[in-house]
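# What the coordinates show
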Amino acid sequence: MDFSCRALAYCRPGFEKDLAAEMIQRCGKRGVAASATPQLNAGYVLCEIDAPQEEARLFLRFRDLIFARQLVWVQAWLEDLPEKDRLTPIMGALDLLHGRFARLWAETADTNEAKTLSSFFKRFMPHLERALVERKRLIERAELPTLHLFFLDSSRLWIATSEANEASQWPMGIARMRMPREAPSRSTLKLAEAFDALLTEDERKTTLRAGLKAVDLGAAPGGWTWQFAHRGILVTAVDNGPMADTVKATGLVEHVRADGFVWKPKRPVEWMVCDMVEQPSRVAQLVADWVAAGRCRRCIFNLKLPMKKRHEEIERARALIHKRLSVSGREWTLRFKHLYHDREEVTGYLTASK
Ligand SMILES: C[S@@+](CC[C@H](N)C(=O)[O-])C[C@H]1O[C@@H](n2cnc3c(N)ncnc32)[C@H](O)[C@@H]1O
């Protein structure tokens, strides 16, 4: 019996090696052999795993993978699709695949080359969608899996699936968010995406409520601060630089000109966020200190990564936070994600549960 399965993960082009290393390491921790041959700038990693898919899904999870924008499970590979009739072979492969789906996504890697497929998708996908609806394979039930058609070009693709709660909710794993008109910097989208990607639905409801308090270290011109203020959260914005008028106009922001590594709140707050461009270890130490000392319940922070050994740098930060919080007597959770709006950086979420 062949037990091996294949997981396909998408990433920002240039981060394939980091993603492949992470996937192999996750499998290795369970004593399961895995292999991947990452191609630089491909925008995806295909990982062969020596375990049945149902088992591998339990230890290789989207939410644990830092560099994965998306994680799907390969069901079939199709190549040499005839230009005149691509529908028949794709439907043939889908007929062999059991189950019904809530969503059908035509996807590619996030590369300029792959993006040229969009006009082909516009022409072709409505036909496929219609055929699946007619066969009652595509129905409006949000909890059903997603069907992913990941095209390398118009004649080659992987057919893959993902479970509703085990994958990114965005096609291609790309958080497409509208830039709010009043927000003063595009980096506002980074925090909006972090809320979406790193918090549970319950956490979003209970911790992004009007009346709570937040501190934004390195706040100017105020894109992150705006994310809190427009939810009615009171923000202390710490930065020597100026804050934008649209942010001050919310009436919910106190601007403090001070060093973010030194300034401390008089009373505990729900949130501390930190977007200061600094050494990752210095930022890690700062957020660990805040949570350990009970100055805040939760932090979202940015770690700027070096060009090489990115994974090692994150592990160093993780170890520093672990060391500081272990002696604090608190329980905590820590997650990192390379967000769509992150470039040479990752976003961390640290929260204390008591
Ligand atoms: C990337 S920008 C922040 C952008 C902001 N998150 C936004 O959405 O508009 C980094 C900011 O950190 C501030 N900064 C850097 N080091 C700092 C420090 N030690 N104390 C306070 N602010 C600092 C800089 O002045 C700069 O405004």
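Our subject in this report is the structure included herewith. (Residues numbered from 1 in each chain as written. Predicted model: local features only at pLDDT ≥ 70, side-chain atom pairs only at ≥ 80, totals over all residues. Heavy atoms only, no water.)

## Section: the sheet that holds strand S1 (residues 5-10)
Here we have 7 strands laid out as an open sheet, ordered S2-S3-S1-S4-S7-S6-S5, and mixed in their pairing. One side of each edge strand has no neighbouring strand; the edge strands of this open sheet are strand S2 (34-36) and strand S5 (103-107). For this sheet, the mean inter-axis angle between neighbouring strands, taken without regard to orientation, is 30 degrees. By the bridge criterion, 3 bridges tie S2 to strand S3 (residues 44-49) in an arrangement that is antiparallel. When the bridges of S3 are listed, alanine 36 appears paired with cysteine 47. (Pairing = 2+ DSSP bridges. Helix = DSSP H or I, 4+ residues; strand = E, 2+ residues; numbered from the N terminus. Axes fitted to C-alpha atoms, helices over the stretch in contact; angles between N-to-C directions.)

## Here's the deal with the pattern of salt bridges
For the structure on display, the rule yields 21 salt bridges. Across the pair arginine 135 and aspartate 95 runs a salt bridge whose closest N-O atoms are separated by 3.7 Å. Of this pair, arginine 135 sits in the loop between helix H5 (118-134) and strand S6 (146-153) while aspartate 95 sits in helix H3 (residues 87-96), placing them 40 residues apart in sequence. Look at arginine 135 and you get partly exposed, because its relative accessible area is 43%. With its nearest N and O atoms 3.8 Å apart, the salt bridge here joins aspartate 275 to lysine 304. With aspartate 275 in the loop between strand S11 (269-274) and helix H10 (280-292) and lysine 304 in strand S12 (residues 296-304), the pair connects residues that are 29 residues apart, well separated along the chain. (Salt bridge = Lys/Arg side-chain N within 4 Å of Asp/Glu carboxyl O. Buried < 20%, exposed > 50% of the residue type's maximum accessible area, 1.4 Å probe, protein only.)

## Notes on the nonpolar core
Ranked by internal contacts, the top residues of the largest apolar core, which has 57 residues, are Met23, Ile49, Met272 and Phe301. If one sorts the elements of this core by residue count, H10 sits on top with 8 residues. Of the domains in this structure, domain 1 (5-173) and domain 2 (188-352) are the two that each give at least three residues to this core. If sequence neighbours within four positions are ignored, methionine 272 has contacts with Val215, Leu217, Leu286, Val287, Trp290, Cys296, Arg298, Cys299 and Ile300. (Core = buried A, V, L, I, M, F, W, Y, C linked by side-chain atoms within 4.5 Å. Domains from an automatic or database assignment. Contact = heavy atoms within 4.5 Å.)

## So, the pairing of S6
Both faces of the sheet carry side chains from a regular strand, because those side chains alternate between them. Counted residue by residue, S6 has 6 buried out of 8 residues, so it is predominantly covered. The pairing of S5 with S6 spans 5 bridges and is parallel. Counterpart to alanine 106 in the pairing with S6 is leucine 149. As defined by bridge partners, S6 adjoins strand S7 (residues 156-162) across 7 bridges and the pair is classed as antiparallel. Looking at the pairing, phenylalanine 151 lines up with leucine 157 of S7. The turn linking S6 back onto S7 is made up of 2 residues.

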